[in-house]
Amino acid sequence: FPSVEAKNLKFTEYSTSIPAPFVIYADFESCIQKEIKDDSSSKIISKRKHVPIAVAAKTVCHVDSSLSSQKLFLNVGSNCVENFFCFLEGECQRICSLLSQTKPLIMTSQDVAVFEKATQCHMCSSSFDLTNPKVRDHDHLTGKTRFPLC
């Protein structure tokens, strides 16, 4: 049993509570091939092996749908896995480029009112004070205000 001091758990992984702006969904199709091997002791070993034959993938941006991939990646053939990795590398470069361009903060009058009224951090619920000041958080892809943080 935990000690009296350790009996209460507190969530501290705040960086994981904001959804990732980009997600890549992928689906592989495979066929099952029978593999027969002779292990040189006059026994025949029969195994079944999944062999990838096709892949489809789509990049989705949950913040701004115009930043999602415009076309479905679809590849059929024996080199579909290698081609999928090339697709992933290209998407990683595209997404890194987009994330490196920070759009400036956009605050509506409603956003300003919400910010001024806030007394606690949206993530950790700590109260704002002189030692824990309130800051404006915004989405770097769109510039839209998210919430007050400490």
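Whatever comes next refers back to the structure up there.
Now for a quick tour of the structure.

About the criteria used
Residues numbered from 1 in each chain as written. Predicted model: local features only at pLDDT ≥ 70, side-chain atom pairs only at ≥ 80, totals over all residues. Heavy atoms only, no water. Helix = DSSP H or I, 4+ residues; strand = E, 2+ residues; numbered from the N terminus. Rg over C-alpha atoms; globule rule 2.2 N^0.38 Å. Buried < 20%, exposed > 50% of the residue type's maximum accessible area, 1.4 Å probe, protein only. Contact = heavy atoms within 4.5 Å. Areas by Shrake-Rupley, 256 points an atom, 1.4 Å probe, with all protein chains shown as cover. Lys, Arg positive; Asp, Glu negative; His and termini not counted. Charge placed at Lys NZ, Arg CZ, Asp CG, Glu CD. Pairing = 2+ DSSP bridges. Polar contact = N/O pair within 3.5 Å; in protein donor to acceptor, adjacent residues only side chain to side chain.

The secondary structure content of the protein amounts to 2 helices and 5 strands. In the protein, the succession of helices and strands from N to C terminus is β-β-β-α-α-β-β. For 150 residues, the compact-globule estimate of 2.2 N^0.38 gives 15 Å, and the C-alpha radius of gyration of the protein, at 25 Å, exceeds that figure by more than 25%. When the backbone C-alpha atoms are referred to their principal axes, the protein occupies close to 80 × 50 × 20 Å. A burial count over the protein gives 22% of its 150 residues as buried. By sequence separation, contacts in the protein at least 24 residues apart represent 53% of the contacts at least 6 residues apart. Here the protein has roughly 11,200 Å² of accessible surface; of this, 57% comes from carbon and sulfur atoms. Taken as two groups, the 17 positive and 16 negative side-chain charges of the protein have centres that lie 3 Å from each other.

Moving on, we come to the pairing of strand 5 (residues 145-149). The buried fraction of strand 5 is high, at 4 of 5 residues. Sheet topology note: the strand 4 (residues 135-138)/strand 5 ladder contains 3 bridges and is antiparallel. Note on strand 5: the bridge partner recorded for His 138 is Thr 145. Two successive antiparallel strands, strand 4 and strand 5, enclose a turn made up of 6 residues, where Gly 143 displays a positive phi of approximately 85°.

Examined against the element boundaries, Gln 101 turns out to sit in the loop between helix 1 (80-99) and helix 2 (109-117). Given the relative accessible area of 48%, Gln 101 is considered partly exposed. Gln 101 sits 52 residues away from Lys 49 along the chain, and the two C-alpha atoms are 45 Å apart. Of the polar contacts made by the side chain of Gln 101, one reaches the backbone oxygen of Ser 97; its length is 3.4 Å.

With respect to the helices and strands, Asn 132 occurs in the loop between helix 2 and strand 4. The class for Asn 132 is buried, based on a relative accessible area of 19%. Of the polar contacts made by the side chain of Asn 132, one reaches the backbone oxygen of Ser 127; its length is 3.0 Å. Excluding residues that lie within four positions of it along the chain, Asn 132 makes contacts with Ser 126, Ser 127 and Cys 150.

With that settled, the discussion passes to the environment of Asp 111. Mapped onto the elements, Asp 111 comes out in helix 2. Classification of Asp 111 by relative accessible area gives partly exposed; the value is 23%. Residues contacting Asp 111, with those up to four places away along its chain left out, are Ile 106 and Thr 145.

In this structure, Tyr 14 sits in the segment before strand 1 (22-38). For the pair Tyr 14 and Phe 85, spaced 71 residues apart in sequence, the C-alpha separation works out to 31 Å. If near-sequence neighbours (up to four positions away) are discounted, Tyr 14 is found in contact with Met 123 and Cys 124.

For the rest of this paragraph, the subject is unusual backbone geometry. Non-glycine residue Ser 125 carries a positive phi angle of around 65°. Relative to the helices and strands, Ser 125 resides in the loop between helix 2 and strand 4.

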